[in-house]
Amino acid sequence: MIEEIRDKLEAGLYEFSKHSVDQSILRKITVGEIREAIVSGEIIEYYPHDKYGPSCLILGYTLAKRPLHIQCSYPSRPLVKIITLYEPDPNQWLDFKTRKT
């Protein structure tokens, strides 16, 4: 699935939710960093029953080694939707992949 997401991103077949745009501005995350993180990323969680449609959480790193979590729709949609994005809090994540309990 990550390859399909990457392919759609490369083809420009993606969109941003209003929430993700707001969060990218607040957190100073650029479109370039989002692309870098998805290209290097891996899916760490699946949300097949999300209320807005199936989605997944990607962990990726920018070229500057900044970790990012990017939640996006499954690639079965015509456009992959970036739902939210943030820099994971190390107090909430082990190695940024596993949630602390």
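Predicted, not measured: the structure shown is a model, and the values here were computed from it. The written sequence of each chain sets the order in which its residues are numbered from 1. For this predicted model, a pLDDT threshold of at least 70 governs which residues receive local features, and a threshold of 80 or more governs which side-chain atom pairs are given and counted, while totals over whole chains, interfaces and linings are taken from all residues. Working from all heavy atoms in the structure, the side-chain values ignore hydrogens and water.

A look at the overall build of the protein chain
So the rule is basically this: Secondary structure counts use DSSP, requiring at least four H or I residues in a row for a helix and at least two E residues in a row for a strand, with both numbered from the N terminus. Note on exposure labels: buried denotes an accessible area under 20% of the residue type's maximum, exposed denotes more than 50%, and partly exposed covers the range between, all computed with a 1.4 Å probe on protein chains only. Whether two residues are in contact is decided by their heavy atoms, any of which lying within 4.5 Å being enough. For accessible areas, the Shrake-Rupley method is used with a probe of radius 1.4 Å. Any residue's cover is judged against the shown protein chains and nothing else. Counted as positive: Lys and Arg. Counted as negative: Asp and Glu. His and the chain ends are not counted at all. To locate a charge, the coordinates of NZ of Lys, CZ of Arg, CG of Asp or CD of Glu are taken.
Counting secondary structure elements, the protein chain contains three helices and seven strands. Reading the helices (α) and strands (β) of the protein chain from amino to carboxyl end gives α-β-α-α-β-β-β-β-β-β. Per-residue burial over the protein chain gives 42% buried out of 101 residues. In the protein chain, of all internal contacts separated by at least 6 residues, the share reaching a separation of at least 24 is 51%. Accessible surface, the protein chain: about 6,000 Å² in total, of which carbon and sulfur atoms supply 56%. Considering the protein chain, the positive charge centre built from 14 side chains and the negative charge centre built from 14 side chains are found 5 Å apart.

Digging into unusual backbone geometry
Residue lysine 65 is not a glycine yet carries a positive backbone phi of 70 degrees. Assignment of secondary structure puts lysine 65 in the loop between strand E3 (55–61) and strand E4 (67–73). Look at phenylalanine 96: it is not a glycine, yet its phi comes out positive at around 65 degrees. Considering the arrangement of structural elements, one finds phenylalanine 96 in the loop between strand E6 (93–94) and strand E7 (98–99).

Observations regarding the pattern of salt bridges
For clarity, the cut-off: A side-chain nitrogen of Lys or Arg and a carboxyl oxygen of Asp or Glu constitute a salt bridge if their distance falls within 4 Å.
Evaluation of the coordinates by the stated rule reveals eight salt bridges. The closest approach of N and O atoms between arginine 6 and glutamate 3, which form a salt bridge, is 2.7 Å. With arginine 6 and glutamate 3 both in helix H1 (residues 2–10) and three residues apart, the pair spans about one turn of that helix. Exposure remark for arginine 6: the relative accessible area of 18% places this residue in the buried category. Assessed through its relative accessible area of 47%, glutamate 3 is described here as partly exposed. In this structure, the salt-bridge partner of glutamate 10 is arginine 35, at a minimum N-O distance of 3.9 Å. Of the two residues, glutamate 10 sits in helix H1 while arginine 35 sits in helix H3 (residues 31–40), which places them 25 residues apart along the sequence. Here glutamate 10 falls in the exposed class, since its relative accessible area comes to 62%.

Description of the sheet that holds strand E1 (residues 14–16)
Spelled out, the test is: We call two strands paired when DSSP finds no fewer than two bridges between them. Fitted lines through C-alpha atoms serve as axes, helices being fitted only where they are in contact, and the angles separating the N-to-C directions of these axes extend from 0 to 180 degrees.
If you trace the five strands from one edge of the open sheet to the other, you get E1-E5-E4-E3-E2, paired in mixed fashion. Where the open sheet ends on each side, the last strands, each with one partner, are E1 and strand E2 (42–47). Adjacent strand axes in the sheet meet at a mean angle of 30 degrees, parallel and antiparallel pairs treated alike. As paired strands, E1 and strand E5 (residues 80–86) are joined by three bridges and run parallel to one another. Each bridged residue has a counterpart across the sheet, and for glutamate 15 the counterpart in E5 is lysine 81. Strands E1 and E5 of the sheet are contacted by helix H2 (residues 18–26), whose axis makes an angle of about 35 degrees with E5. Sheet strands touched by H3: E1, E2, E3, E4 and E5. Its angle to E3, the strand with the most contacts, is close to 100 degrees.

Keep in mind these numbers describe shape, not what the thing actually does.
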